[in-house]
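Here is what each chain is made of, one letter per residue.
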Amino acid sequence: MVHIGEPAPAFSLPDQEGKIHNLADYRGKWVVLYFYPKDDTPGCTKEACNFRDEKGRLEEMGAVVLGVSADDLESHGKFHAKYALNFPLLSDPSTEIIKAYGAWGVKNAYGKEYEGVLRQTFLIDPQGKVAKVWEKVRPDEHALEVAEALSELQKA
């Protein structure tokens, strides 16, 4: 798990179009890096659409939004197009970056335990340090929660 005040782990991941995104490319901006379990599932769709709808407000505060899951580029492309998402979806099928952030762990569904991507968000400051971490995310309210936290951090 990455903690507040620590440097955010570097990454170099492709988006739904195959374009590579590096954390270093976003130096000088706030980065909302959110990890989600699976493209086009109810909770993940709700969360992505909320980030889509809050993107303008987040951009006004100098932030970019990046979604990350273990899904492949084709899956990301379909999800991105279906919901007219306006931010990149990064693909980490090896789960190397997902694990580097601590967003991989034991989950429970219908009484069965399994390992997978945990729904977590990391707000990274313009210097590349973790400014806030959400370990438990409610997809339908999360984008607004992130925007409010960013606003508070910028006032401080």
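Reference entry: report on the structure contained in this document. Everything numeric in this text was worked out from a predicted model, so none of it was measured.

## Let's talk about the pattern of salt bridges
Okay, so step 1: As enumerated under the stated definition, the model contains nine salt bridges in all.
Okay, so step 2: A salt bridge links D71 to K38; the shortest N-O distance between them is 3.1 Å. With D71 in the loop between strand 4 (63–69) and helix 2 (73–82) and K38 in the loop between strand 3 (30–35) and helix 1 (42–60), this residue pair connects regions lying 33 residues apart in the sequence.
Okay, so step 3: By relative accessible area, which is 45% here, K38 ends up partly exposed.

## Some thoughts on the pairing of strand 7 (residues 112–117)
Okay, so step 1: Bridge count for strand 6 (residues 104–109) against strand 7 is six bridges, and the pairing is antiparallel. Note on strand 7: the bridge partner recorded for W104 is V117.
Okay, so step 2: If you look at the hairpin formed by strand 6 and strand 7, you'll find two residues sitting between the two strands, and Y110 has a positive phi there, around 55°.

## Some points on the sheet that holds strand 4
Okay, so step 1: Sheet architecture is open: five strands sit in the order 5-4-3-8-9, paired in mixed fashion. Lying at the two open borders of the sheet, with one neighbouring strand each, are strand 5 (89–91) and strand 9 (130–134). The mean angle between the axes of side-by-side strands here comes to 20°, regardless of whether they run parallel or antiparallel.
Okay, so step 2: Relative to strand 5, strand 4 runs parallel, the two sharing three bridges. From the neighbouring strand, V68 faces strand 5, where its bridge partner is L90.
Okay, so step 3: Packing against the sheet, helix 2 makes contact with strand 4 and strand 5, and its axis sits at approximately 170° to strand 5.

Thresholds, definitions, all that
Residues numbered from 1 in each chain as written. Predicted model: local features only at pLDDT ≥ 70, side-chain atom pairs only at ≥ 80, totals over all residues. Heavy atoms only, no water. Salt bridge = Lys/Arg side-chain N within 4 Å of Asp/Glu carboxyl O. Helix = DSSP H or I, 4+ residues; strand = E, 2+ residues; numbered from the N terminus. Buried < 20%, exposed > 50% of the residue type's maximum accessible area, 1.4 Å probe, protein only. Pairing = 2+ DSSP bridges. Axes fitted to C-alpha atoms, helices over the stretch in contact; angles between N-to-C directions. Contact = heavy atoms within 4.5 Å.

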